[in-house]
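Architecture and fold: a report
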Amino acid sequence: DSLTVSADPASPRRTNSIGSSSSIVTGANGYLGKAIVHELLKDKGGGQNQKQRIFCLTRPQRVKTETEYWQHFCATTENVDLRVLPYDMLDGGETLLEALKQTSAHVP
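**Description of the overall build of the chain**
- Counting its regular elements, the chain contains three helices and five strands.
- Every one of the 108 residues in the chain was classed for burial, and the buried ones make up 36%.
- At a minimum sequence separation of 6, the contacts of the chain that also span at least 24 residues come to 63%.
- Looking at the chain as shown, the accessible area adds up to about 6,600 Å², and 53% of this sits on carbon and sulfur atoms.

Quick look at the structure:
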């Protein structure tokens, strides 16, 4: 696995040898977060045959609404696994740690 980080919002992603990429976006229900996720969806994981995993971290009370919002955009997008996970930056990192555990469980 490799991790590439750059100033390009679509670039921070983990790739592996079986042709998949993973991105974690915090604040995915905000203006900037939504824009980043839309760009990731346009990018299609960097390749036609790559499986793209996008983990959207959002406030716990917004998980259901954001899941419904993103289902609309992912309905016609192939090779995308988008998950909305709860995250509260004010809890001392507890939900961030749990969200990161969930993302690693879904990445081969």
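**A closer look at the pairing of strand β5 (residues 80-86)**
- With five of its seven residues buried, β5 lies for the most part within the structure.
- As paired elements, strand β4 (residues 51-58) and β5 share seven bridges and run parallel to each other. Its bridge partner lying in β5, threonine 58 is registered against proline 86.
- Crossover handedness for the path β4 to helix α2 (residues 63-74) to β5: right-handed.

The rules behind the values
- Within each chain, residues carry numbers counting from 1 in the order of the written sequence.
- Whole-chain, interface and lining totals are the exception, using all residues; otherwise, since this is a predicted model, local features are given only for residues with pLDDT of at least 70 and side-chain atom pairs are given and counted only at 80 or more.
- Only hydrogens and water are removed before side-chain values are computed, so all heavy atoms of the structure are retained for them.
- Here a helix means four or more residues in a row that DSSP labels H or I, a strand means two or more in a row labelled E, and each is numbered from the N terminus.
- A 1.4 Å probe rolled over the protein chains alone gives each residue an accessible area, and that area as a share of the maximum for its type sets the label: buried under 20%, exposed over 50%, partly exposed in between.
- Contact between two residues is taken to exist if any of their heavy atoms lie within 4.5 Å; hydrogens are not considered.
- The Shrake-Rupley method, run with a 1.4 Å probe, gives the accessible areas here. Residue values count only the displayed protein chains as cover.
- In this description, strands pair whenever DSSP reports at least two bridges between them.
- When the strands point away from the viewer and the connection leading from the first strand across the helix to the second strand turns clockwise, the crossover is called right-handed.

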